[in-house]
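# Observations on the three-dimensional arrangement
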Amino acid sequence: MSVSEVLHDRIEADGPVHFDEFMEIALYGDGGFFTTGPLRSAATGDFLTSPEVSPWFGRTLGRFLAAKGVERHLVEVGAGSGSLLETLLPELGVGVEAWAVEASPMARDSLGDVVESGRVVGSLSGLPAPLSGAIIANELIDNLPVALAVRRGSAWVEHAVAAAGDGFEFVEVPVRPAVAEWADRFGGAVSEGGIVEAQLAAATWLTDALALLETGVAVLIDYGGTVEELEPRRQQGTLRTYRGHHLGPDPLLEPGETDITVDVNFTALGAVAEAAGAQATLQRQDDFLAEWGLRDEVRDMKHRELAAARAGDTMPQLEIRTERIAAETLLHPRGLGDFRVLTVEV
Ligand SMILES: C[S@@+](CC[C@H](N)C(=O)[O-])C[C@H]1O[C@@H](n2cnc3c(N)ncnc32)[C@H](O)[C@@H]1O
């Protein structure tokens, strides 16, 4: 059964589905975007993430974690191909126990090469508890299902998904209390018709992750911003799709065929951390990587590149140049450097 058929059956039986349920089925249900097809986060897939762009992402994050002192466990959630773990683990001591949590079966297959067998699991509930060390996630939160709250007057309605012939359309339905409460708290100033993606699943995920972590740090890296930074994007909302490294069609057009994603509301995640009694710090990715030495590495690569050029060593010069350009991509102020890094110390 295709994702569209599953959704049509579900809508015929129970009426329009809330958008978070639509997104859950489209991404993670039978035939969903992350459940079928090739590995998505790779050069041959649908989007290219920081660890796929350059090994210096993992090495630099590894330096930060080594300085924090990962006692025993290093867990990556939404670990994709394993490229982050592969580059980060050499920075940590040999006694560290690495675990990968992945919802996608294809990604779980590729992670068997990176962590010991039995340490690749499908959800947080497969992890040992309690954990002492670190939980990291790059571009996980933007993929967790969201509800859509739409401003009507001084209140909210919700966008749900109804059938429209063979396809789907948005319809307005009464807002669920938890969605309205989230939108009031983290939506910021929203004018008539503006859209807030209520990230309740992200809040639940972080609450569960922090409950597992007895001592250590959680590091969440993603696109998005604070409530204030996201306010100008509220009229259109930030819901979008990706396919084949490009922005894809309307999320309702081809469910299961595209990535569905939103900008992460880091103010809301910070509130979850605070409620758990943890200390949260938010930084831009370029600032975080610079603080942990990446600009120094780039400078060193430039020196080595120049030395190779002077010596007439063309191949080494080109190799260092390629490595340097990829590392600089992680720091680009309007690209990956504009991502946010939330560190939560427990
Ligand atoms: C955008 S990809 C990022 C992959 C990798 N972190 C990287 O940076 O290349 C998001 C990944 O998170 C996984 N994922 C989504 N929700 C998850 C969940 N609740 N638990 C574990 N993995 C999840 C998806 O299957 C997908 O592989």
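Here we summarise the structure given alongside this text. Per chain, residues are indexed from 1 in the order of the written sequence. In view of the model being predicted, local features appear only for residues whose pLDDT reaches at least 70, and side-chain atom pairs are presented and counted only at 80 or more, with totals across whole chains, interfaces and linings using the full set of residues. Heavy atoms throughout the structure, all of them, feed into the side-chain values; hydrogens and water do not.

## Quick look at the pattern of salt bridges
Here, a salt bridge means any Lys or Arg side-chain nitrogen found within 4 Å of an Asp or Glu carboxyl oxygen. As enumerated under the stated definition, the model contains 24 salt bridges in all. As a salt-bridge pair, Glu197 and Arg234 come within 3.0 Å of each other at their nearest N and O atoms. You can see Glu197 sitting in strand E9 (residues 195–198) and its partner Arg234 sitting in the loop between helix H9 (227–230) and strand E12 (240–243), a full 37 residues away along the chain. The salt bridge involving Glu254 is made with Arg243; its shortest N-O contact spans 2.7 Å. Taken together, the residues span a long stretch of sequence, with Glu254 in the loop between strand E13 (246–247) and strand E14 (259–261) and Arg243 in strand E12 at a distance of 11 residues. Here's how the labels work: a residue is buried when its accessible area is under 20% of the maximum for its type, exposed when over 50%, partly exposed in between, all with a 1.4 Å probe on protein chains only. Judged by its relative accessible area of 32%, Arg243 is partly exposed. The network of salt bridges with shared partners includes Glu229, Arg284, Asp286, Asp338 and Arg340. Under the scheme used here, helices are H or I runs from DSSP no shorter than 4 residues and strands are E runs no shorter than 2 residues, and both carry numbers assigned from the N terminus.

## Let's talk about the site of the ligand
Nearness of a residue to a molecule or strand requires only that one of the residue's heavy atoms be within 4 Å of it. Taken together, 19 residues lie near the ligand, and Tyr28, Thr49, Gly78, Glu102 and Asn138 sit nearest. Polar contacts, as used here, are pairs of N or O atoms within 3.5 Å; protein pairs need one atom able to donate a hydrogen and one able to accept it. Residues neighboring in sequence count only if both atoms are side-chain atoms. Take Tyr28: an N or O atom from its side chain is 3.3 Å from a nitrogen atom of the ligand. Gly78 is positioned such that a nitrogen or oxygen atom in its backbone is 2.6 Å from a nitrogen atom of the ligand. Using a 1.4 Å probe, the Shrake-Rupley method yields the accessible areas, and only the shown protein chains count as cover for residues. Protein burial of the ligand: of its 590 Å² of free accessible surface, 92% is covered by the chains. Think of a 1 Å grid over the protein atoms and nothing else: a 1.4 Å probe that fits but is trapped marks a cavity, an open set flanked by protein within 12 Å on at least five of seven lines marks a pocket, and residues with an atom within 4 Å of a point count as lining. Whether a molecule sits in a cavity or pocket is decided by its atoms, more than half of which must lie within 2 Å of the grid points. Judged by the proximity of its atoms to the pocket grid, the ligand belongs to the largest pocket. Considering only residue class, the shell around the ligand consists of nine nonpolar, seven polar and three charged. Residue classes follow a fixed rule: Ala, Val, Leu, Ile, Met, Phe, Trp, Tyr, Cys and Pro count as nonpolar, while Asp, Glu, Lys and Arg count as charged, and any other residue, Gly among them, counts as polar.

## Let's talk about the nonpolar core
We define the nonpolar core as a collection of buried residues of types Ala, Val, Leu, Ile, Met, Phe, Trp, Tyr and Cys that are connected through side-chain atoms lying within 4.5 Å of one another. In this structure, Leu61, Leu65, Leu74, Leu85, Leu88, Leu92 and Val219 are the most contacted members of the largest nonpolar core, which totals 37 residues. Those elements that provide at least two residues to this core are helix H4 (55–68), helix H5 (83–88), strand E3 (97–101), strand E5 (131–138), strand E10 (213–222), helix H11 (285–291), helix H12 (294–310) and helix H13 (314–329). Top element by residues in this core is H4. It accounts for five residues. We call two residues in contact whenever any of their non-hydrogen atoms come within 4.5 Å of each other. Aside from chain neighbours lying at most four places away, what touches Leu61 is Leu84, Leu88, Ile136, Val219, Ile221 and Phe288. If you look at the next biggest cluster of nonpolar residues, it comprises 31 residues, including Val101, Ala203, Leu212 and Leu269.

## Examining the sheet that holds E3
Strands pair, by our definition, only if DSSP identifies at least two bridges between them. Pairing is mixed in the open sheet, where seven strands are placed in the order E4-E3-E2-E5-E10-E17-E16. Edge positions in the sheet fall to strand E4 (120–121) and strand E16 (279–284), since each of these pairs with one other strand and no more. Here two bridges tie E3 to E4, and the two strands are oriented parallel to one another. Counted as the bridge partner of Val101 is Val121 from E4. To get an axis, fit a line to the C-alpha atoms, keeping to the stretch in contact for a helix; angles then go from 0 to 180 degrees between the N-to-C directions. The strands touched by H4 are strand E2 (73–77), E5, E10 and strand E17 (340–345); relative to E10, the strand with the most contacts, the crossing angle is about 155°. Against the sheet, helix H10 (residues 266–275) touches E10, E16 and E17, its axis set at about 5° to E17.

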